[in-house]
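A structural walkthrough
Below are the chains, spelled out letter by letter.
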Amino acid sequence: MKSVSELTDFYYKNLYPTLEKLEKDRKNLSHRIVMVGIFLTLIAGVAAYSLKGFYEFVLFAYIALGGIAYKFLVHDYTHEFKMSVIKPLIHSIDSSLLYSSTTHVSEYLFEYSHLFSSPDKLSGNDYVKGQIDGINIQFSDLHAQKKHQNSKGKDTWTTIFQGLFIVADFNKHFNGETIVLPDTAQSTFGELIGQWLQSNNAARDELVKMDDPSFEKEFVVYSDNQIEARYILSHALMKKLLDFKHKSAHPVYISFIGTHIYMAISYDKDLFEPSVFRSLLEYKVAMEYVKTLHLAIGVVEELKLNQKLWSKR
Amino acid sequence: MSTSLIILVVLALILVLMYNSLVSKKNQVENIFASVDTVLKKRYDLIPNLVASVSKYMEHEKSLLQEVTKLRSEATKPNISDGEKIALDAKISSALGSIMVAVEAYPELKANENVMHLQHTLHEVEEQISAARRAYNQSVTDYNNAIEMIPTSFMASLMRYGRKQVFEIDVSERQNVNVKELFS
């Protein structure tokens, strides 16, 4: 697989003509957005002044109209960007991968992963699916939300998860369920109380204490089978997951169910979206696209999912 | 209600909880040891097959093969203690390791489909054993902690619970193979 620096080279060399063109569009677009913004603000100001009241309503209309206008304005540019930058980037890693800018990993898989509570609304985009070294892999951007009712009976939405969701074949046979979550209890409440809280988590299976201190510090493991959890999480895999977590620099949720490994990396933002107010040629902007893609597609190699055991051949 | 009665009830409750937690820890250890036993048995079942397939070729390692066979028959005897099982497991692991290294010296063995299959099966069983051992060690650690820490230690000494032995994991087993060292 191509390295991050090779991909960066590809981004700046092969995609340069496209980027230059997009960069022009982007400048025009940001100009237009600012103009529309000023125009909308003026109208809102006038409306608020002449109505003398209904400020809440005006503010609501201002935000809603602004949002719609923004979406409408960036729509073509976003599509163009995804088709001429993200898609070639993915294909430069592996040309057999399929990419769809509008669909996402199915809700069934998201719920089946048992990583989060079931959402009331699931959206997402940038779906990639294919085989790497004979391992089926699919991932996409996901945004899972839950509906709540506040005391006034109004609906509010909270985010359960937003980020990258990866599903891949796993190379070992197992029957149970093993779930690896970021260790928040132990880092907030200290080892003793944290562990007590974790072992009394009613929503999860039995707590599995792992024998790798640095892994145990970052993650907490729940499983319905103590031995199977350790069969899956060998010393080598624990080390690799730890490296993966450090590489992603975001909270990582992992579960092993059925024949698959599910990974959710919480970025708390929509990924692979074109930058509007910053240049596409900026190194930091480019690196974000390249690194995220490399991380997702590199899972197979990184976790050595392609090294199948005898019984799975 | 008198205060002394409340204190008595609370005290009794604490004692019952302590007793139950110790018993559940002891049972967890036994429960996991049973699983360890199952995977160990899986490996014992592979040994005769392995010895039969390699003995034709391995002229110089006859003693090694005899040793493994002997260890196996010892380990499969009925009524041996958990401690003995643990000790025998360590010996069998190292003996099997030596056989696997020796196989490398025989090209015709390495190419043999049957041996290759056995090698892979053994490898998979080893992984299962390693997982079971780790689970067992963790449950023993929890148990040993409980019987040595205050306040459960008092209860444990009344119940005559003693420390249990863990599987020693070979240091070389835990380290990744250093390729550089192999060739130097």
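Chains are numbered independently. Their residues run from 1 in the order of the written sequence. Written order decides the labels, with chains lettered from A and ligands numbered from 1. Given that the model is predicted, a residue must reach a pLDDT of at least 70 before its local features are reported, and side-chain atom pairs must reach 80 or more before they are shown or counted; all residues, however, enter totals for whole chains, interfaces and linings.

Moving on, we come to the overall build of chain B. Summing up its helical and strand segments, chain B has eight helices and zero strands in all. A run of DSSP states H or I qualifies as a helix once it reaches four residues; a run of E qualifies as a strand once it reaches two. Both are numbered from the N-terminal end. Counting from the amino terminus, chain B carries its helices and strands in the arrangement α-α-α-α-α-α-α-α. The C-alpha radius of gyration of chain B comes to 23 Å, more than 25% above the 16 Å expected for a compact globule of 184 residues. Projected onto its principal axes, the C-alpha coordinates of chain B cover approximately 85 × 40 × 25 Å. Within chain B, the fraction of its 184 residues that count as buried is 22%. Within chain B, contacts between residues at least 6 apart in sequence are counted, and of these 75% link residues at least 24 apart. With C-alpha atoms as the basis for the radius of gyration, the globule rule is written as 2.2 Å multiplied by the number of residues raised to the power 0.38. Counting other C-beta atoms within 10 Å of each residue's C-beta, where C-beta atoms are placed from the backbone, gives the exposure class: buried for 20 or more, exposed for 12 or fewer, partly exposed between. Note on contacts: each residue gets a C-beta atom placed from the backbone, and two residues are in contact if those atoms are within 7 Å.

The helix and strand tally for chain A stands at 11 helices and nine strands. In terms of principal-axis extent, the alpha carbons of chain A reach across some 70 × 55 × 30 Å. Across the 313 residues of chain A, 30% fall into the buried class. Looking at chain A alone, contacts between residues at least 24 apart form 68% of all its contacts between residues at least 6 apart.

Attention shifts here to the sheet that holds strand β3 (residues 135–149) of chain A. All names here are of chain A. If you walk across this open sheet you meet the nine strands as β1-β2-β3-β4-β9-β8-β5-β7-β6, and the pairing is antiparallel. The open sheet has two edge strands, β1 (98–100) and β6 (206–208), and neither has a second partner. Within this sheet the neighbouring strands show an average axis-to-axis angle of 20°, counted without direction. Strands are treated as partners if at least two bridges between them are detected by DSSP. Pairing geometry for β6 and strand β7 (residues 219–223), over three bridges, is antiparallel. Bridge assignment links Leu207 to a residue of β7, and that residue is Tyr222. Convention adopted: a line fitted to C-alpha atoms gives each axis, helices being fitted over their contacting stretch, and angles between N-to-C directions are expressed from 0 to 180 degrees.

Quick look at the nonpolar core now. A:Leu89, A:Ile166, A:Ala168 and A:Met263 are the most contacted members of the largest nonpolar core, which totals 86 residues. By residue number, the principal contributor to this core is helix α5 (residues 113–148) of chain B, which donates eight residues. The term nonpolar core refers to a set of buried Ala, Val, Leu, Ile, Met, Phe, Trp, Tyr and Cys residues connected through C-beta atoms within 7 Å. Formed by 11 residues, the second largest nonpolar core is a distinct cluster that contains B:Ile47, B:Leu50, B:Ala75 and B:Ile92.

Residues and elements named next belong to chain B. Where helix α1 (residues 3–55) contacts α5, the axes come no closer than 9 Å and their chain directions differ by 160°. As judged from the angle between their axes, α1 and α5 are roughly antiparallel. Along this stretch, α1 crosses α5, giving a crossing that reads as left-handed. The classification used treats Ala, Val, Leu, Ile, Met, Phe, Trp, Tyr, Cys and Pro as nonpolar, Asp, Glu, Lys and Arg as charged, and all other residues, Gly among them, as polar. Taken together, the residues of the contact of α1 with α5 break down into 21 nonpolar, nine polar and six charged. Any angle that is under 35 degrees is reported as roughly parallel, and any over 145 degrees as roughly antiparallel; angles of 65 to 115 degrees are reported as roughly perpendicular and all others as oblique. Note on convention: near helix rotated counterclockwise from far helix by under a right angle means a left-handed crossing. Clockwise means right-handed.

The next point concerns the interface of chain B and chain A. Facing 13 residues of chain B, the contacting portion of chain A comprises 11 residues. Within the residue set of the side of chain B that touches chain A, elements represented by two or more residues are α1 and α5 of chain B. Considering every element that reaches the side of chain B that touches chain A, the biggest residue donor is α5(B), with 10 residues. Of the residues assigned to the side of chain B that touches chain A, the class counts are four nonpolar, five polar and four charged.

A separate point is the environment of B:Gln165. Residue and element names in this part refer to chain B. Within the secondary structure layout, Gln165 lies in the loop between α6 (152–158) and α7 (171–174). Given 13 C-beta atoms within 10 Å, Gln165 falls into the partly exposed group. Measuring from C-alpha to C-alpha, the distance between Gln165 and Ala75 comes to 17 Å, with 90 residues separating the pair along the chain. In this structure, Gln165 is in contact with Gly83 and Ile86, ignoring residues within four places of it in sequence.

Quick look at the pairing of strand β9 (residues 260–266) of chain A now. Along a regular strand, successive side chains alternate from one face of the sheet to the other. Residues and elements named next belong to chain A. Within β9, five of the seven residues are buried, which leaves it mostly tucked inside the rest of the structure. Bridge analysis of strand β8 (residues 252–257) against β9 gives six bridges, and the strand direction is antiparallel. When the bridges of β9 are listed, Ile257 appears paired with His260. Between β8 and the antiparallel strand that follows it, β9, lie two residues; Gly258 among them carries a positive phi value of about 65°.

What follows concerns unusual backbone geometry. Negative phi is the rule for most residues except glycine; trans is the rule for most peptide bonds. Backbone torsion omega between B:Ile150 and B:Pro151 reads 5°, so that peptide bond is classified as cis. Backbone geometry at A:His114 places phi at a positive 55°, although glycine is not the residue there. Following the sequence through the fold, A:His114 ends up in the loop between α4 (107–112) and β2 (121–132). When the 17 C-beta atoms within 10 Å are taken as the criterion, A:His114 is described as partly exposed. With a phi angle near 50°, B:Asn79 is a residue other than glycine that sits in the positive phi range. Tracing the backbone through its elements, the reader meets B:Asn79 in the loop between α2 (62–75) and α3 (82–103). A tally of 5 C-beta atoms within 10 Å means that B:Asn79 is categorised as exposed.

With that out of the way, let us pick up the environment of A:Ile257. Residue and element names in this part refer to chain A. Structurally, Ile257 can be placed in strand β8. In this structure the C-alpha to C-alpha distance between Ile257 and Glu177, which are 80 residues apart in sequence, comes to 5.1 Å. Excluding residues that lie within four positions of it along the chain, Ile257 makes contacts with Tyr112, Ser113, His114, Glu177 and Tyr262.

All names here are of chain A. At a minimum axis distance of 10 Å, the contact between helix α2 (residues 16–51) and helix α3 (residues 55–93) shows a crossing angle of 170°. Taken together, the axes of α2 and α3 are roughly antiparallel relative to one another. For the contact of α2 with α3, the per-class residue count stands at 21 nonpolar, three polar and four charged.

Residues and elements named next belong to chain A. Given the number of residues in a helix, its expected span is that number minus one, multiplied by 1.5 Å. The first and last C-alpha atoms of α2 sit 51 Å apart over 36 residues, in line with the 52 Å expected at 1.5 Å per residue. Looking at α2, one finds that the buried residues are Leu19, Leu22 and Arg26. Here the buried face of α2 lies against α3. Just downstream of α2 lies Lys52, where phi reads positive at about 45°.

Residues and elements named next belong to chain B. For chain B, mean pLDDT is 83; residues scoring 70 or higher make up 91% of the total. Confidence scores per residue from the predictor, reported as pLDDT, run from 0 to 100. When mean pLDDT is compared element by element in chain B, α1 scores highest at 89, while α7 scores lowest at 49. Every residue in residues 172–177 is under pLDDT 50, and counting partners more than four places away or in other chains gives two contacts. Complex prediction metrics read pTM 0.83 and ipTM 0.76.

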